[in-house]
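Structural features, examined
Residue-level listing of the chains:
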Amino acid sequence: MRMRFGRRAATLAAAAVVSAGALMATAGSASADDIVPINVGHWVGLYNGPNTTGGKIGWPDVPPGGSVYAQCWTVGEQIGTYGNTWYRVNEVNYNNGYGWYWTGNAYVCAGYADGNARSVDRDPNIPRCR
């Protein structure tokens, strides 16, 4: 049995395939996040904003050896000599063998996390927050 498609059906089918391919390509490259290891020796708090006055989000602090998944960096409250740069994060890994936990948006002081090693455009996958 031979099936015949008209020009219009073939054009629509081809457009659908191209659209699906473009969607998959952009979905794979749109992410601009990166893992930030907690390596300065501090436990890192997860805050509601880029400051301590807004309070913590309710998750335990992340210990040294853990990690956060940073979406971007922003300027906020100055924390002693650690600076005023903060990462906006949405996942944490406590390095407890259970893997990553989605936290929703939270902020961590970049100086406390990794000594600002990946903030202020030092990591192309962690842009400035917009």
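Residues numbered from 1 in each chain as written. Predicted model: local features only at pLDDT ≥ 70, side-chain atom pairs only at ≥ 80, totals over all residues. Heavy atoms only, no water.

Looking at the state of the cysteines
How we decide: Note on terminology: disulfide denotes any pair of cysteine sulfur atoms within 2.5 Å. Secondary structure follows DSSP: runs of H or I at least 4 residues long count as helices, runs of E at least 2 residues long count as strands, and numbering of each begins at the N terminus. Each residue gets one of three labels from its accessible area relative to the maximum for its type: buried under 20%, exposed over 50%, partly exposed in between, using a 1.4 Å probe on protein chains only.
Taken as a whole and assessed by the stated rule, the structure comprises one disulfide. Here C72 pairs with C129 through a disulfide, and the sulfurs are 1.9 Å apart. On the sign convention where negative is left-handed, the bridge of C72 and C129, at about 90° about the S-S bond, is right-handed. Placement of the pair is C72 in strand β4 (residues 67–75) and C129 in the segment after α2 (110–114), with a sequence separation of 57 residues. Accessibility classification places C72 together with C129 in one group, the buried group.

Side note on unusual backbone geometry
The backbone phi angle of N116 is positive, close to 65°, even though this residue is not glycine. Mapped onto the secondary structure, N116 falls in the segment after α2. The class for N116 is buried, based on a relative accessible area of 16%. The phi torsion at V120 lies on the positive side, around 50°, for a residue other than glycine. With respect to the helices, strands and loops of the structure, V120 is situated in the segment after α2.

Thoughts on the pattern of salt bridges
To keep it simple, the criterion reads: By definition here, a salt bridge exists when the distance from a side-chain nitrogen of Lys or Arg to a carboxyl oxygen of Asp or Glu is within 4 Å.
Across all of its chains, the model carries two salt bridges by this definition. With a shortest N-O distance of 3.0 Å, K56 and D61 are connected by a salt bridge. On the basis of relative accessibility, which here comes to 40%, the residue K56 falls in the partly exposed class. We classify D61 as partly exposed; its relative accessible area is 23%. Two residues, D114 and R118, come together in a salt bridge whose shortest N-O distance is 3.2 Å. Among the residues examined, R118 registers a relative accessible area of 22% and is labelled partly exposed.

A word on the side chain of S67
What counts is decided by this rule: The criterion used for residue contact is that any of the two residues' heavy atoms lie within 4.5 Å.
Along the polypeptide, S67 turns up in strand β4. When its relative accessible area of 13% is taken as the criterion, S67 is described as buried. With near-sequence residues (within four places) excluded, S67 lies in contact with I35, V36, P37, I38, V62, E91, V92, N93 and W100.

Observations concerning the packing of aromatic side chains
Note the cut-off: Whether two aromatic rings pair depends on their centres lying within 6.5 Å, for rings of Phe, Tyr and Trp, where Trp uses its six-membered ring; planes under 30 degrees apart make the pair stacked, over 60 edge-to-face, and the rest tilted.
This model, assessed by the stated rule, comprises five aromatic pairs. Taken together, a centroid distance of 4.7 Å and an interplanar angle of 70° make the contact between Y82 and Y112 edge-to-face. Taken as a pair, Y82 in the loop between β4 and β5 (85–93) and Y112 in helix α2 lie far apart in primary sequence, 30 residues in all.

Looking at the pairing of strand β6 (residues 100–109)
Spelled out, the test is: Only strands that DSSP links by at least two bridges are regarded as paired with each other.
With seven bridges connecting them, β5 and β6 associate as antiparallel partners. Residue pairing for β6: R88 is matched across the bridge by Y107. Hairpin geometry of β5 and β6 is characterised by an intervening segment of six residues between the two adjacent antiparallel strands and by a positive phi of about 55° at N95.

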